[in-house]
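A structural walkthrough
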Amino acid sequence: MQYYVQVLKEMFYEKCAYCESKIKHISPIHIEHFYPKSEFYNQMFEWGNWLLACPLCNSNKGSKFPYCDDNPCFIDPTLENPNEHIDFLDSQILSKSVRGEKTIKEIRLDRIPLTEERARWLNNIRILLLLVLRDPTMHSQVRNLLIWAMQPDAPYTGMTRAYLREKTPKLANPESPHPMIQYQNQIKQIQKLIEKYEDELKNLT
Ligand SMILES: [Zn+2]
C-alpha cells in the first residue's frame, strides 16, 4: 500500500485533490475513492478511482455521491476542469454551476480554516506583486515565483490563477505557455523573501 501512496503523492503533487492544500508530511495520507466503495464495490480497486485527499475533505465527502441530472454532481478533478464550475473572489470560493455549488457545499470547500489558509497564501502572492512594483531589479526572480505559483505543484493554484488573471493578465494568460519551473523549495524562497522585506513592506501596505 505504501507504494501506491507514494505514486499518488507524486501524481497529485502532494496536494489534496479537492481543496488543493499541500498535504503535510506529518498528516496521515488518505486515499479517496471518487466513486464511494460502499456503493461502487467494483470500483474499489480501480486505479483511476483513487485520489489523494486530506483527512477533512475525505471525511466530509465520505460515502456521499449525489446526482445532478443523472450525472455525478461532484467534480472529478482528474477528468474535469474545476474552473468551469468553481471560481474565487480573493480567498472566497464561489460556484459557477449547480455541480460546483454541490461540490463546495458537501465537501465544505468554504470551511473557515481552509478559507483562512487560502487567504494567508494569497497574501504571499500579493506581497510578491508589491515587491516587483517596489524594486524592478527583482522582476525576474519574483516573476518566476509567480509563474510557479500558478503551476499544479503549488498550493491553491485555482485561487492564485483567478487572482493573477485579474491583476496581471499578461502573466496569467501568456501567448505561449510558460516553461515549467522545477520545484526548488519555492515555498521557503517566498517566505524568506517576505521576511527579508517585512519592515519595508509594512510602510507600503
Ligand atoms: Zn482537502
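None of these values were measured; they are calculated from a predicted model. (Residues numbered from 1 in each chain as written. Predicted model: local features only at pLDDT ≥ 70, side-chain atom pairs only at ≥ 80, totals over all residues. Heavy atoms only, no water.)

The secondary structure content of the protein amounts to nine helices and six strands. Over its C-alpha trace the protein gives a radius of gyration of 18 Å, about what one expects of a compact globule, namely 17 Å for 205 residues. Projected onto the principal axes, the alpha-carbon positions of the protein cover approximately 55 × 35 × 35 Å. Every one of the 205 residues in the protein was classed for burial, and the buried ones make up 45%. A fraction of 65% describes how many contacts in the protein between residues 6 or more apart in sequence connect residues 24 or more apart. Roughly 12,100 Å² of accessible area belongs to the protein as shown, and the carbon and sulfur atoms make up 53% of that amount. With 26 positive and 26 negative side-chain charges, the protein shows a separation of 4 Å between the mean positions of the two kinds. (Helix = DSSP H or I, 4+ residues; strand = E, 2+ residues; numbered from the N terminus. Rg over C-alpha atoms; globule rule 2.2 N^0.38 Å. Buried < 20%, exposed > 50% of the residue type's maximum accessible area, 1.4 Å probe, protein only. Contact = heavy atoms within 4.5 Å. Areas by Shrake-Rupley, 256 points an atom, 1.4 Å probe, with all protein chains shown as cover. Lys, Arg positive; Asp, Glu negative; His and termini not counted. Charge placed at Lys NZ, Arg CZ, Asp CG, Glu CD.)

The computed volume of the largest pocket comes to approximately 980 Å³. Contributing to the lining of the largest pocket are 31 residues, with S21, K22, I23, K24 and I187 lying nearest its centre. Elements with a minimum of two residues in the lining of the largest pocket: α1 (2-11), α2 (55-61), α4 (112-134) and α8 (186-196). The dominant element in the lining of the largest pocket, judged by the number of residues it contributes, is α4, at seven residues. (1 Å grid on protein atoms, 1.4 Å probe; cavity = no way out; pocket = protein on both sides within 12 Å on 5 of 7 lines; lining within 4 Å. Points joined across faces, edges and corners; volume = space filled by probe spheres on them.)

If pLDDT is low for a region, its predicted coordinates should not be looked at in detail. This prediction gives the protein a mean pLDDT of 88; 91% of its residues lie at or above 70. Per-element averaging of pLDDT across the protein places helix α9 (residues 198-204) at the bottom with 72 and strand β6 (residues 92-95) at the top with 98. (pLDDT = per-residue confidence, 0-100.)

Attention shifts here to the environment of Q186. Summarising the element assignment, Q186 is placed in helix α8. By relative accessible area, Q186 is classed as buried at 3%. Residues Q186 and N144 lie 42 residues apart in sequence; the distance between their C-alpha atoms is 9.6 Å. The contacts of Q186, once residues within four sequence positions are left out, are L145, W148 and I181.

Looking at where N124 falls in the secondary structure, it is placed in helix α4. Residue class for N124 comes out buried when judged on its relative accessible area of 15%. Filtering out sequence-adjacent residues up to four positions away, N124 remains in contact with I190 and I194.

Right, let's talk about the coordination of the zinc ion for a bit. Only C16 (SG), C19 (SG), C54 (SG) and C57 (SG) from the protein coordinate the zinc ion, and they sit 2.3 Å from it. For the zinc ion, the four donor atoms are set out with angles of 103 to 115° between them, so the coordination reads as tetrahedral. Each donor residue of the zinc ion lies on one chain, and together they are spaced C-x2-C-x34-C-x2-C. Just as C16 is buried, C19 falls in that class too. (Donors = N, O, S within 2.8 Å, 3.2 Å for Na, K, Ca; no water. Tetrahedral: all angles 85-135°; square planar, octahedral: opposite > 155°, others 65-115°.)

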